[in-house]
Amino acid sequence: MTFPHQVQIYGDSILKGVQLDQANQKYILPKENNLERWGKRLSLSVRNYSKFGCTVEKGFQIVRRQLEKWKKSGGENQVVLLEYGGNDSDYDWAQINADPSGEFHPHTELPVFRRVLRGMVEFVREQGMTPVMMNLPPVDSTKYLNWLCRSGTGIQKENLLQWLRDPEIIYRHQELYSAAVCQVAWETNTPLIDVRSEFLKSRDYKSLICQDGIHPSAAGHRLIQKSLAAFARQFSRLAPVPNRPLQGAV
């Protein structure tokens, strides 16, 4: 199998290339994070449909619309890279701040996330495309909590801590969704780009994450691009993932 020269990317702000400008405290899209420009250096035609704040259910709507359009136009086989889970695992923190003793659920419950993601992979294959999945870069719980409670948000850290009990549950909860991505990849024989391991290999992985605790820094985005390039080079040598349940997975 050879790596097709055309790639479509569907995900959230991670693969959109979003980065926090610490000086202005605003989100930006640096040119060096543009994956279409990055693809040209590898002689790849890249179309990036990633969207800031996108969950897996919203993502599936975009995937369905774009791939059906592509199929009708007689488009050739392409790699379709899928990256979701960060927004799905997140909460409405303003609601939690207002009622820290209440019961709240993430934007997408974990069983729903797995089911929709699996359906997305199957749909991509039905369109004659080649699905590839990417798991999630880690988050920094401390940075994220401080970002949520920064001046002007009206969110009180003591309220969130009352609900969380342990602030590190932010990291662990997001990790559940990354593990679910790996599980779906395993069960559906879908190649997986393991960027999370690349981040965690760093002795100071938190330097690869912006001040907000959830978006990659410039160095983090370079690491993601390095992982994507390595995958593209090795694609033809990948062995199929065994189609059996992953023991101990979520």
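Residues numbered from 1 in each chain as written. Predicted model: local features only at pLDDT ≥ 70, side-chain atom pairs only at ≥ 80, totals over all residues. Heavy atoms only, no water.

Participant: In this structure, what is going on with the packing of aromatic side chains? I would like to understand it.
Facilitator: Centre distance and the angle of the planes are the two values used to describe a pair of aromatic rings. A complete count under the given rule lists 10 aromatic pairs for this structure. Taken together, the aromatic side chains of Tyr 91, Trp 93, Phe 104, Tyr 144 and Trp 163 make up a single cluster linked through ring pairs. The residue whose ring lies beneath Arg 64 is Phe 123, and the NZ or CZ to ring-centre distance is 4.8 Å. (Phe/Tyr/Trp six-rings, centres within 6.5 Å; stacked < 30°, edge-to-face > 60°. Lys NZ or Arg CZ within 6 Å of the ring centre and 35° of its normal.)

Participant: Honestly, the sheet that holds strand β6 (residues 130-134) in this entry has me stumped. Any pointers?
Facilitator: Backbone hydrogen bonds are what pair the strands of a sheet, in a parallel or an antiparallel way. Strand order in the open sheet made by the five strands is β4-β1-β5-β6-β7, with parallel pairing throughout. The sheet terminates laterally at β4 (45-48) and β7 (192-193), the two strands that pair on one side only. One ladder, built from four bridges, connects strand β1 (residues 6-11) with β4; its direction is parallel. Among the inter-strand pairings, Gln 8 is bridged to a residue of β4, identified as Arg 47. (Pairing = 2+ DSSP bridges. Helix = DSSP H or I, 4+ residues; strand = E, 2+ residues; numbered from the N terminus.)

Participant: Would you mind showing me how to read the pattern of salt bridges here?
Facilitator: Where charged atoms of side chains with opposite charge meet at close range, the side chains can pair. Summed over all chains, the structure comprises five salt bridges. One salt bridge in this structure joins Glu 198 and Lys 201, with 3.0 Å as the shortest N-O distance. According to the relative accessible area criterion, Lys 201 is exposed, its value standing at 60%. (Salt bridge = Lys/Arg side-chain N within 4 Å of Asp/Glu carboxyl O. Buried < 20%, exposed > 50% of the residue type's maximum accessible area, 1.4 Å probe, protein only.)

Participant: Teacher, can you tell me more about the packing of helix α3 (residues 56-72) against helix α5 (residues 110-126) here?
Facilitator: The relative placement of two packed helices comes down to the angle between their axes together with the axis-to-axis distance. Axis separation between α3 and α5 bottoms out at 10 Å; the angle between their running directions is 5°. By the angle class used here, α3 and α5 are roughly parallel. Within the contact between the two elements, α3 uses Val 56, Glu 57, Gly 59, Phe 60, Val 63, Arg 64, Leu 67, Glu 68 and Lys 71 and α5 uses Val 112, Phe 113, Val 116, Leu 117, Gly 119, Met 120, Phe 123, Val 124 and Glu 126. Among the residues making up the contact of α3 with α5, the classes are represented as 11 nonpolar, two polar and five charged. (Axes fitted to C-alpha atoms, helices over the stretch in contact; angles between N-to-C directions. Parallel < 35°, antiparallel > 145°, perpendicular 65-115°, else oblique. Contact = heavy atoms within 4.5 Å. Nonpolar A, V, L, I, M, F, W, Y, C, P; charged D, E, K, R; others polar.)

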